[in-house]
Amino acid sequence: MVSAIKAAMNGAKVTLLERNNKLGKKLLLTGNGRCNFWNEYQDITKYHSENIELFQELWQTKKDVILPFFHNLGLIEKVTNGYYYPFSNQASTVLNALETKLKTLKVTIKLNEYVTKITKDKKFHVYTTNNIYESDKVIIAGGSKASPKTGSDGNIYNLVKSLGHNLTPILPSLVQLTGSDNYYKLWDGVRSNATLTLKENNQIIRTETGEAQFTNYGLSGICIFNLSSYISKGLLNNQTEIIYLNLVPWYKGSKEEFLVWLNNQSIKLNNYTLKDILLGFLNPKLVNVIFKIAKIKDDILWENAPQTKIVDLLTNFPFKVQDTLDFNHAQVCQGGIPLTEVNMQTMESKIIKDLYLVGELLDITGECGGYNLGIAWITGLTAGEEASKNA
Ligand SMILES: Cc1cc2nc3c(=O)[nH]c(=O)nc-3n(C[C@H](O)[C@H](O)[C@H](O)COP(=O)(O)OP(=O)(O)OC[C@H]3O[C@@H](n4cnc5c(N)ncnc54)[C@H](O)[C@@H]3O)c2cc1C
């Protein structure tokens, strides 16, 4: 949509083909229906790719055009902790803004047009299930296979492969994690702030602090999503992925000091059981899990408890990742067309002249926080601009 707008603004005659009976099905799901469309905190470390250096220059030059672009569509935002949403809190406002601009620019929108094949001789021929379109330039913005019910179900990967492009492994990302322990029913539904340290084969890969969501299959939440991109890749390569949760992130001292602190609590809270003490700062369901794992009775006193084990579980609770949930649950796919196959100043394919490739289809992924739409806007606007030069 943003490619079409930009190209039409430059005077190109644009036709937008969409397989669904409406535009922007995925956009409407974003940000829990609120569309977190940008983030004030722009840093290249928020973006991941096998060739991130190739995206860096484009991102550097284009990141400042995104907000003016949306302001020129009449969109008013609301910013919460750097996260941009439409002021209405409705993703449909962003979609409306894009659709209105497409309409005023007289872009031809063809819905229910499933592209099945693209060929090129002098011109491109774009085959859909109903028609054949002829054009001088083509921009492919067919998404990924995350949340396939939205229309981006991975079919586009076959299309770009048939055009000679390669793909790096396509893996679910920004996705929930499963484990195989037998206590997840006990903690199901808990949301608790924690510091999470991901270790791959015992090496620290990344630390996140935020709200972890404990579910009946494992773990979810934004901080988990951000770790999931590393985990998907690690699991593909048969690495062991363990997340260690510090369930008492408010305590700033060492493990040894925390043990002393608990000791002091037990003296201060005379006659309290260990459970009573833990309930002062931990969700009861998590307390039950700790008791189950430590195999201790509900009425145990601190002085009789396996103190080091309890401190370990509170500060370094191990969650061994079995798998991620699948593409139906993933917000994005990591992997895609290698950036080495695209001119990253123009988004033109290096394999086929006048073909442009944008959005999630490429091997660039963002973290949670508006960065994935950011990739779609930056690459999409660039392709629209470049494809319409001399239009
Ligand atoms: C639940 C959920 C929440 C998300 N929340 C956020 C968020 O808050 N912030 C953020 O930055 N990102 C978020 N994302 C990620 C973001 O939505 C995507 O990264 C972004 O939409 C990718 O844009 P795209 O244009 O590349 O692909 P898409 O938005 O997937 O668009 C591709 C379009 O191409 C169409 N298409 C596919 N194949 C064909 C074909 N053969 N013929 C014709 N049409 C075809 C599809 O129907 C689709 O409409 C979220 C994703 C999900 C699933």
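None of the values given here were measured: they were computed from a predicted structure. (Residues numbered from 1 in each chain as written. Predicted model: local features only at pLDDT ≥ 70, side-chain atom pairs only at ≥ 80, totals over all residues.)

Trainee: Whenever I open this one, the overall build of the chain confuses me. Can you help?
Mentor: The helix and strand tally for the chain stands at 13 helices and 23 strands. Across its three principal axes, the chain shows a C-alpha extent of roughly 85 × 40 × 35 Å. Taken across its 391 residues, the chain has 41% of its residues classed as buried. (Helix = DSSP H or I, 4+ residues; strand = E, 2+ residues; numbered from the N terminus. Buried ≥ 20, exposed ≤ 12 C-beta atoms within 10 Å, placed from the backbone.)

Trainee: Would you take a moment to explain the site of the ligand for this structure?
Mentor: Lining the immediate environment of the ligand, one finds 34 residues, of which Gly 31, Gly 143, Gly 151, Ser 152 and Gly 359 sit closest. Looking at the shell around the ligand, the elements with two or more residues in it are helix H2 (25-33), helix H6 (155-162) and helix H13 (371-387). The leading source of residues in the shell around the ligand is H2, at six residues. Residue composition of the shell around the ligand, grouped by class: 14 nonpolar, 15 polar and five charged. (Near = placed C-beta within 6 Å. Nonpolar A, V, L, I, M, F, W, Y, C, P; charged D, E, K, R; others polar.)

Trainee: So what exactly am I meant to see when it comes to unusual backbone geometry here?
Mentor: Both trends apply: most residues other than glycine have a negative phi, and most peptide bonds are in trans. Unusually for a residue other than glycine, Asn 32 sits at a positive phi of about 55°. Since 9 C-beta atoms lie within 10 Å of it, Asn 32 is described here as exposed. For Asn 89, which is not glycine, the phi dihedral falls at a positive 65°. With 13 C-beta atoms packed within 10 Å, Asn 89 lands in the partly exposed category.

Trainee: How do you make sense of the environment of Val 2 when you look at a structure like this?
Mentor: Counting through the fold element by element, Val 2 comes out in helix H1 (residues 2-9). Each C-alpha atom, one on Val 2 and one on Thr 382, is 9.3 Å from the other, the two residues being 380 residues apart in sequence. If we skip the residues at most four places from it in the chain, Val 2 touches Trp 377, Gly 380, Leu 381 and Gly 384. (Contact = placed C-beta atoms within 7 Å.)

Trainee: Looking at this structure, I do not really get the sheet that holds strand S5 (residues 83-86). What am I missing?
Mentor: In a beta sheet, neighbouring strands are held together by backbone hydrogen bonds and run either parallel or antiparallel to one another. With antiparallel pairing, three strands are arranged side by side in an open sheet as S2-S5-S4. Because the sheet does not close on itself, it has two edges, and the strands there are strand S2 (38-39) and strand S4 (77-80). Both S2 and S5 contribute to a ladder of two bridges, which runs antiparallel. For Asn 39, the partnering residue across the bridge sits in S5 and is Tyr 83. (Pairing = 2+ DSSP bridges.)

Trainee: It is not clear to me how the nonpolar core should be interpreted in this structure. Could you clarify?
Mentor: Generally speaking, soluble globular proteins have nonpolar side chains that are buried together. Counting 55 residues, the largest nonpolar core has Ala 4, Ile 139, Ile 140, Tyr 356, Leu 357, Val 358 and Leu 361 as its most contacted members. If one sorts the elements of this core by residue count, H13 sits on top with nine residues. Excluding residues within four positions of it along the chain, Val 358 makes contact with Ser 3, Ile 139, Ala 141, Met 347, Thr 379, Gly 380 and Ala 383. Within the second largest apolar cluster, 41 residues are counted, among which are Leu 174, Leu 198, Phe 225 and Phe 327. (Core = buried A, V, L, I, M, F, W, Y, C linked by C-beta atoms within 7 Å.)

Trainee: Can you help me understand the packing of helix H9 (residues 255-268) against helix H12 (residues 307-315) in this one?
Mentor: Packed helices, taken two at a time, are described by the angle between their axes plus the distance between the axes. Close contact between H9 and H12 brings their axes to 10 Å; oriented N to C, the two are set at 115°. For the element pair H9 / H12, the angle class is roughly perpendicular. Handedness of the H9/H12 crossing: right-handed. Side by side, H9 and H12 meet where Lys 255, Phe 258, Leu 259 and Leu 262 of the first sit next to Gln 307, Val 311 and Thr 315 of the second. Tallied by class, the residues present in the contact of H9 with H12 amount to four nonpolar, two polar and one charged. (Axes fitted to C-alpha atoms, helices over the stretch in contact; angles between N-to-C directions. Parallel < 35°, antiparallel > 145°, perpendicular 65-115°, else oblique. Left-handed = near helix turned anticlockwise from the far one by under 90°.)

Trainee: Honestly, the domain arrangement of the chain in this entry has me stumped. Any pointers?
Mentor: According to the domain assignment, the chain contains domain 1 (2-170 + 334-387) and domain 2 (176-324). For domain 1 and domain 2, the distance between their C-alpha centroids amounts to 39 Å. Between domain 1 and domain 2, the residue contacts involve six residues of the former and six residues of the latter. Its residues assigned to classes, the side of domain 1 that touches domain 2 shows two nonpolar, three polar and one charged. (Domains from an automatic or database assignment.)

Trainee: When you look at the sheet that holds strand S13 (residues 191-200) in this model, what are you seeing that I'm missing?
Mentor: Within the open sheet, the seven strands sit side by side as S17-S16-S13-S14-S15-S12-S18. Their pairing is antiparallel. Each edge of the sheet is formed by a strand with only one pairing partner; in this case those strands are strand S17 (317-320) and strand S18 (323-324). As paired strands, S13 and strand S16 (residues 241-246) are joined by six bridges and run antiparallel to one another. Within S16, the residue paired with Leu 198 across the bridge is Ile 243.

Trainee: Mind showing me how you'd approach the packing of H2 against helix H5 (residues 91-104) here?
Mentor: Their axes nearest at 8 Å, the elements H2 and H5 cross at an angle of 150°. Of the two elements, H2 crosses H5, and the hand of that crossing is right-handed. Together, Leu 27, Leu 28, Thr 30, Gly 31 and Gly 33 of H2 and Ala 91, Ser 92, Val 94 and Leu 95 of H5 make up the contact between the two elements. Residue classes in the contact of H2 with H5 are distributed as five nonpolar, four polar and no charged.

Trainee: What should I look at first to understand the environment of Gly 336 in this one?
Mentor: Looking at the element boundaries, Gly 336 is found in the loop between strand S19 (332-334) and strand S20 (342-343). C-alpha separation for the pair Gly 336 and Phe 291, spaced 45 residues apart in sequence, amounts to 44 Å. Dropping the residues within four chain positions of it, Gly 336 is found in contact with Ser 144, Leu 167, Thr 168, Ile 170, Glu 360, Leu 361, Leu 362 and Asp 363.

Trainee: I tried to follow the environment of Glu 341 on my own but got confused; where do I start?
Mentor: Within the secondary structure layout, Glu 341 lies in the loop between S19 and S20. Between the alpha carbons of Glu 341 and Gly 164 there is a distance of 9.9 Å; along the sequence they are 177 residues apart.

Trainee: Sorry, what's going on with the pairing of strand S9 (residues 132-135) here?
Mentor: Two faces make up the sheet, and in a regular strand the side chains alternate between them. By the bridge criterion, four bridges tie strand S8 (residues 124-128) to S9 in an arrangement that is antiparallel. Directly across from His 125, in S9, lies its bridge partner Glu 134. Hairpin connection of S8 to S9: three residues between the antiparallel strands.

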